[in-house]
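Residue-level structure breakdown
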Amino acid sequence: MSLQSKLAFPAKAKRNFGIKRILVHVIIFTIIFLLLMGLGLFGKKQLNIQADSFRRSSLIDSLHNKGIAEIQSAILSSVSEEHSQAILKSVSSTKRMLKKDIASMLDEEKTIAEIITHITNTIHAACEKNVPEEAISGIDIMLVEKLPSIIENMEEDARAHIEELSIPEVRKRLSVNAPYYPLMYYSDALIIISAVFLIFALILAYCWFTFDYDRKVKLANILEPIDYLLPFFLGVFVFTLYPIVRVVIMSFQERYKLDGSFTGWGIGNYEYVLKGIPGTSNYFIQGLTNTFLYVIYTVPVTTALAIVIAFLLNKKLKGSAIYQTAYFLPMVTSITAVGLVWRWIFNRNFGVLNAIIVMFSGTPIDWLSSTSYSMSVMVIFGIWNSLPFTIILMLSGLQNIDETYYTVAKVDGAKTLRIFRRITIPLLAPTIGLVLIINSISAFKVFTEVTVLFNGSPGPAYNMYTVVYYIYEMMHQRLELGRAAAAAMVLFFFIFIFTMIQRYIQRKWNYV
Amino acid sequence: MNNTNKTENRKLGTILYVVGVMLIISGGISMLTSLTRTIVYSMLALGAIFVAAGLYFNHSYQTKLGTLKALQYFLLTVGAVIMVFPFYWMIASAFKTSAEMNYFPPTMFPQNWLNFDNFYIAFETAPFGRYFMNSVITCLSSVTLTTFTTILGAFAFSRLNFPGREMLFSLLLSMMMVPFEMLVITNYTTIVKLGINDTLYALVLPFTSSIFYTYILRNFFQSIPDGLYWSARVDGCNNWRYLWKVMVPIARPSLVTIVLLNAMASWNSFMWPLLVIKQDYNRTLPFGLYTFTTEVGANNELLMAASSVVVMPMIILFLFARKQIVGGVARGGIKG
C-alpha cells in the first residue's frame, strides 16, 4: 500500500466502498447476466414453439388447399363434363373433415405421402357415392398415374414453407398481443446483452485478482461515475438519444409502418408531407400555415400584455401575492380541463362570452362551429394559457434590473410612464427577446388546445390542422410512422432555427 | 388673492375628482344591471371628464399618485378577474342543475352551492376514481424515479471527475432542444415493441430521466463550495454518503422545485396517454376527462364537475407551493 493511497483513505477508510466496488460489480454483472440469459433463452424457446405452430398451420393450409385442389383437378381431367358438378360437390363435402384429419395426422407425425394418400382415399370414397361406376374406373387410372407427382409437389411445397418461415420471418409475424411478445421479439438481443455483461464481469474479476491496490483504486474511481450516471443514461439512451437517431432514419424510410415494414429508402415521405396528394387539400401545409399564424397572433400579444402586468406586479402593491396567485393559476392546471371550460365559455347558445357580446348589444357568435372564428378561439385560449408563464419570465427579468436605475430616474423627476419606456423596456430587451423565442417554440407545438377545443377533430371543418396535430394523426390514426417522422423533422427544422436565435441572445447578453 | 384662488381651485378639483370616481364606479356597477346602455356609457364618460377636470384643478402630487395607484389596481384587478374567471365559472357551473345551465344570459351564481349531484353522476358515468388512482400512481412513480436518477446524474456531472464530462453534458444540453413531439414517434414504437402499450408502465418508463431537471440540479450542486466536499471526505465520508447526507439536504429548495414541476408535467400530460393507452381502466385523469366529453354530450355541468376534480389537486398544490413553482419556472425558462 503506497503512502498516497493511505492519505486518500484515512482513519475511517474501512467504511468506504473503495475497491470493493469492483467485486460488487462482478457479482451484480453476473446476476444480470444470468437473469438476461434466462429471459433470452426462455424467449428463444417460446419463439421456436411459436415458429413450429406457424409452420404447422401453414403446412395444414397448403395440404388442405393446394393438395385437395391438385387431386380434384386430376380427377376432373379424367371424367367428362357431366360428372364434374357431382365431383366438386363431393370434394367440398369432405373438406372440413379432411382439415381435422390432416391436423391429427401431422400430430401423429405421418409423412406427407401418407397424408396425401389419405386425402385421395377420402375423396375417392366420397366420389363413389355420387359418381356412376364407369366414371370411377377412369378416375382410378388417372389417380394411380398422377399420385406420385402430386406427392412430390406437396413435399417440395412443405419444404419451401419451412424454409420461408425462418426465425426472423416468424419474429415479424408475431402478434403484439402474444404472451411473452417482447421476450420473443428481443430474445437474440437479450442473449447478446447478457453476453456483454458476462464479458464485463469476467474482465472485472480478472482485474480484481491480478491488479495491485493502486490500480484497483484507479479502476474503482473509473467505475464510480459510471454507476452514478447509469440509471440516468438508461432513460436518456432509450427514450431520447435513440429516438432522435431513429426518427431521422425513419423519415427516409418510405411509408414506414408500426410493424417495421417500409417500401423503400428515399425522400418519399418528405414529398408526401410537403406536396400531399395532388388534387386534395394538403393538410401539412395547412397545419404549417395555421401554426405560423397562431405563433404570430399569440406570441406578441402575450408578451406585450405580460410586460405591462409584470411591471405592475413588480411595483409591490398591496396584495400582490393574491394577484400573483390569480395570474399564475392557468399555468399549473391541465390544458385539457381548462380547454373544456373555455369550450363552455365559447358555447354558442349558453356561453358567457356570447352573453357579454349580447350585453354590449352585439349578435352572438358561433365560436366553435364556424370556421371563420376557429383561429380566434385558439388565439384567445392560447393567450390566456401562455400568459402566466410569460409573466413569470418577465418578472424575473424585471427583478434582475438594478434598483439604482429607478432611484436615479426618480430623483431626476421622471414619471412612471417615462421610467417604463426609457429604463424598463431597454433593460428588459434581452428578456423580451428570449421570451418571444421561448413562447414561439412552445406555441409551435400547439396540439392539446386544438384537440380539446374542437372535440377531437382539427377544427369544425378540418380547417385547424397544426403541425403537431398532423404528426399525431399520421402516427395514431393512419399509422404512417414514416410520414409522421418526416413531418416531425420539418417541425424540428423550425424549432432548431428558433433555438439557435435563443442561444445567440443568451450568449450576447450573457443571460441565464 | 392668488392663494385663496388656488385653494378654492383645489377644493373644486377634489370635489370634481370624487364625483367623477363615484360616477365611474356606479357606471361600472350598473353595467351588470339592465340599465339602458346609453345612460351607462354617458355615466362613464362623464365620470372620466370629471376626474380629468378634477386633476386639472387639483394637480397635487398625492392626488396624482392616488389616481395612478388606483389605475394600476384597476388594471391589475381586471386582468386578474379575466385570468381567474374560467376557474370560477368551472366551479360555479359544476354546482348548477342542467336547467340552470340553459339560462341565457347565464346566471353568475348557482342556486344551490351544495348541489353535489353532478359530481355523483360524473363519478357514476365514468370511472373517475380509477382515473384518479392511475394519475396518482403514474405521477408518484415517475416523480420518484426521475428525482432519483436526476440526483445521481447531477452529482456525477457536478462532483465526480471523469474524462469528457463537459463534452457529454453539452451534448445532453443540445438534446434538450429536440421537442418531445419528435421523440414521440419512436418512443411509441419502442413501447409497442416492448409489449407494454396500454399499461401504466408505458406512462412511466419514458419519463424516468430528464435532462432539463438534471441541468437545474447540477447548476445548484455546482454552487455548493468545494471545501464542504473535501472536509467531508477527510472525515471519512464517501461520495454516496456525502451526496445523501450533505448535498441533498442543502439542495432541498431546488429538489422541491424539480419535484413540483415534474409532478405538474406528469399530472397534466395529455398527448402521450392519448397515444399509448386504449383501455378505459388505464386512462389518466386528463385523458379520461377528454373521453368523458363524448360520453356526456351536451351535459356541460357534468363536464365542469369532472374538470374541477382534475384541476383541484394542482390548484391546491399551487396555493401551497406558489413560490417554489414560480421560482422553478423562472429559473428553468421552460414551460412546466
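Residues numbered from 1 in each chain as written. Chains lettered and ligands numbered in written order. Predicted model: local features only at pLDDT ≥ 70, side-chain atom pairs only at ≥ 80, totals over all residues.

**Overview of the overall build of chain A**
Along its length, chain A carries 20 helices and 2 strands. The C-alpha atoms of chain A give 37 Å as radius of gyration, which overshoots the globular expectation for 512 residues (24 Å, by more than 25%). By residue count, 35% of the 512 residues in chain A fall in the buried class. Contacts in chain A between residues far apart in sequence, at least 24 positions, make up 76% of those at least 6 positions apart. (Helix = DSSP H or I, 4+ residues; strand = E, 2+ residues; numbered from the N terminus. Rg over C-alpha atoms; globule rule 2.2 N^0.38 Å. Buried ≥ 20, exposed ≤ 12 C-beta atoms within 10 Å, placed from the backbone. Contact = placed C-beta atoms within 7 Å.)

**Re the overall build of chain B**
A count of helical and extended segments in chain B gives 17 helices and 0 strands. Here chain B has a C-alpha radius of gyration of 29 Å; the compact-globule value for 336 residues is 20 Å, and the former is much larger. When the backbone C-alpha atoms are referred to their principal axes, chain B occupies close to 85 × 60 × 35 Å. Across the 336 residues in chain B, those meeting the buried criterion constitute 39%.

**Thoughts on the packing of helix H15 (residues 374-399) of chain A against helix H17 (residues 416-444) of chain A**
Residues and elements named next belong to chain A. Axis separation between H15 and H17 bottoms out at 10 Å; the angle between their running directions is 150°. Considering the angle they form, H15 stands roughly antiparallel to H17. Note that H15 runs across H17; the crossing there is right-handed. Contact with H15, carried on its side by Gly382, Ser386, Thr390, Leu393, Met394, Gly397 and Leu398, involves Leu428, Thr431, Val435, Asn439, Ser442 and Ala443 of H17 and no other residues of that element. In the contact of H15 with H17, the residues fall into 6 nonpolar, 7 polar and no charged. (Axes fitted to C-alpha atoms, helices over the stretch in contact; angles between N-to-C directions. Parallel < 35°, antiparallel > 145°, perpendicular 65-115°, else oblique. Left-handed = near helix turned anticlockwise from the far one by under 90°. Nonpolar A, V, L, I, M, F, W, Y, C, P; charged D, E, K, R; others polar.)

**Quick notes on unusual backbone geometry**
If you check the backbone angles, Tyr462 of chain A has positive phi at about 50° while not being a glycine. Position of Tyr462 of chain A relative to the elements: it lies in the loop between helix H18 (448-453) and helix H19 (467-477).

**Here's the deal with the nonpolar core**
With 155 residues, the main nonpolar core has Ile471, Ala487 and Ala488 of chain A together with Ile185 of chain B as its most contacted residues. For this core, the element with the most residues is helix H11 (residues 283-313) of chain A, which contributes 11 residues. Ala487 of chain A has contacts with Val273, Phe284, Val467, Tyr470, Ile471 and Met474 of chain A, leaving out every residue within four places of it along the chain. Grouped together as the second largest cluster of nonpolar side chains are 22 residues, Leu63, Ala135, Ile150 and Ile151 of chain A included. (Core = buried A, V, L, I, M, F, W, Y, C linked by C-beta atoms within 7 Å.)

**Focus: the interface of chain B and chain A**
Counting residues at the interface gives 84 residues for chain B and 88 residues for chain A. When residues in the side of chain B that touches chain A are grouped by element, the largest group, 14 residues, is from helix H3 (residues 61-94) of chain B. Across the side of chain B that touches chain A, the residue classes break down as 56 nonpolar, 23 polar and 5 charged.

**Observations concerning the environment of Trp342 of chain A**
Its location among the elements puts Trp342 of chain A in helix H13 (residues 335-345). In contact with Trp342 of chain A, not counting residues within four places along its chain, are Phe381 and Leu453 of chain A together with Pro86 of chain B.

**Focus: helix H8 (residues 187-210) of chain A**
Compared with the 34 Å implied by 1.5 Å per residue over 24 residues, the 35 Å span of H8 of chain A between its first and last C-alpha is a close match. Among the residues of H8 of chain A, those classed as buried are Ser187, Leu190, Ser194 and Leu204 of chain A. (Expected span 1.5 Å × (residues − 1).)

**Considering helix H20 (residues 481-508) of chain A**
Relative to the 40 Å expected for 28 residues at 1.5 Å per residue, H20 of chain A spans 39 Å between its end C-alpha atoms, a close match to the ideal helical length. What H20 of chain A keeps buried is the set Leu481, Gly482, Arg483, Ala484, Ala485, Ala486, Ala487, Ala488, Leu491, Phe492, Ile495 and Gln502 of chain A.

**A word on the packing of helix H4 (residues 112-130) of chain A against helix H5 (residues 133-164) of chain A**
Residue and element names in this part refer to chain A. Running from amino to carboxyl end, H4 crosses H5 at an angle of 150°, the nearest separation of the two axes being 9 Å. For the element pair H4 / H5, the angle class is roughly antiparallel. Two packed elements cross with a definite hand, and for H4 against H5 that hand is right-handed. Here Ile112, Ala113, Ile116, Thr120, Cys127 and Glu128 of H4 come into contact with H5, specifically with Ile136, Ile139, Leu143, Leu147, Ile150, Ile151, Met154, Glu155 and Ala158. Of the residues in the contact of H4 with H5, the class split is 12 nonpolar, 1 polar and 2 charged.

**Details of the environment of Val184 of chain B**
All names here are of chain B. Along the chain, Val184 turns up in helix H8 (residues 180-193). We classify Val184 as buried; it has 24 C-beta atoms within 10 Å. Between the C-alpha atoms of Val184 and Ala298, which are 114 residues apart in sequence, the distance is 33 Å. Apart from the residues within four sequence positions on either side, Val184 is in contact with Met271, Trp272 and Leu275.

**Quick look at the confidence of the model for chain A**
All names here are of chain A. The pLDDT averaged across chain A works out to 84; a share of 96% of its residues lies at or above 70. Mean pLDDT values for the elements of chain A range from 48 in helix H1 (residues 3-8) up to 93 in H13. Considering only residues more than four positions removed or in separate chains, one finds that residues 1-7, a stretch of pLDDT under 50, has 6 contacts. Of the regions scoring below 50 in pLDDT, residues 9-16 engages in 10 contacts with residues more than four places distant in sequence or in other chains. (pLDDT = per-residue confidence, 0-100.)

**A few points about the confidence of the model for chain B**
Taken over all residues, the pLDDT of chain B has a mean of 86, while the share at 70 or more is 96%. ipTM for the predicted complex: 0.87, alongside a pTM of 0.80.

**Remarks on the environment of Ala48 of chain B**
Residues and elements named next belong to chain B. By the element assignment, Ala48 lies in helix H2 (residues 37-57). Overall, Ala48 belongs to the partly exposed group, with 14 C-beta atoms counted inside 10 Å. A sequence separation of 24 residues divides Ala48 from Ile24, and the C-alpha atoms of the two residues are 7.0 Å apart. Residues in contact with Ala48, not counting those within four places in the same chain, are Gly20 and Ile24.

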